[in-house]
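# An overview of the molecular structure
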Amino acid sequence: MEVTTVGDVTVVTLPARVDTTSAGDVETAFNALLSDGVRSVVADFGANEYVSSAGLRVFLTVLKFLEQHDGRIVLCAMQPFVNDVFEISGFSDLFVIVESREDAVARFA
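In this report, the structure presented in the accompanying data block is examined.

Rules used throughout
Residues numbered from 1 in each chain as written. Predicted model: local features only at pLDDT ≥ 70, side-chain atom pairs only at ≥ 80, totals over all residues. Heavy atoms only, no water. Pairing = 2+ DSSP bridges. Helix = DSSP H or I, 4+ residues; strand = E, 2+ residues; numbered from the N terminus. Axes fitted to C-alpha atoms, helices over the stretch in contact; angles between N-to-C directions. Contact = heavy atoms within 4.5 Å. Expected span 1.5 Å × (residues − 1). Buried < 20%, exposed > 50% of the residue type's maximum accessible area, 1.4 Å probe, protein only.

## Observations concerning the sheet that holds strand β1 (residues 2–6)
Taking strand neighbours across the sheet as the criterion, the 5 strands line up as β1-β2-β4-β6-β7 in an open arrangement whose pairing is mixed. Edge positions in the sheet fall to β1 and β7 (96–98), since each has one partner strand and no second. This sheet shows a mean twist of 25° between the axes of neighbouring strands, independent of strand direction. Relative to strand β4 (residues 40–44), strand β2 (residues 9–13) is paired through 4 bridges, and the arrangement is parallel. Bridging across to β4, Val11 finds its partner in Val42.

Written as structure tokens, this is what we have:
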């Protein structure tokens, strides 16, 4: 995962797959950011091609933490298949999902 900062927003570029193999590493990376006080997060799915139920659990955990600590997460640049996974699972109702990284960062302005 690549982590960059745009102003006060932390942008996390996700790996190609967030599945049972990689979900633990993704969760560890998010937990480190949250422990460091990050509260404005953009999750960039531009390079991501697959999210499993294990991956969905990671995003739900991050969302719940941020909601409890006055933070927010915005998801962006989802490929059609990944967007379908979020739609079918009902997760698209829980998250703010926008088209581009720029749109996501703008949500924090």
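Resuming the write-up.
## Overview of the side chain of Ser52
Its place among the elements puts Ser52 in the loop between β5 (50–51) and α2 (53–68). When sequence neighbours within four positions are dropped, the list of residues in contact with Ser52 reads Val18, Asp19 and Thr20.

## Digging into α2
Given a rise of 1.5 Å per residue, 16 residues ought to cover 22 Å, and the 23 Å separating the end C-alpha atoms of α2 matches this to within 8%. Of all the residues in α2, the buried ones are Ala54, Gly55, Leu56, Val58, Phe59, Val62, Leu63 and Leu66. Of the surrounding elements, those touching the buried residues of α2 are β3 (17–18), α1 (23–35), β4, β5, β6 (72–76) and α3 (80–89). Phi for Asp70, located one or two positions after α2, is positive at around 55°.

Interpretation in functional terms is not warranted from these geometric data alone.
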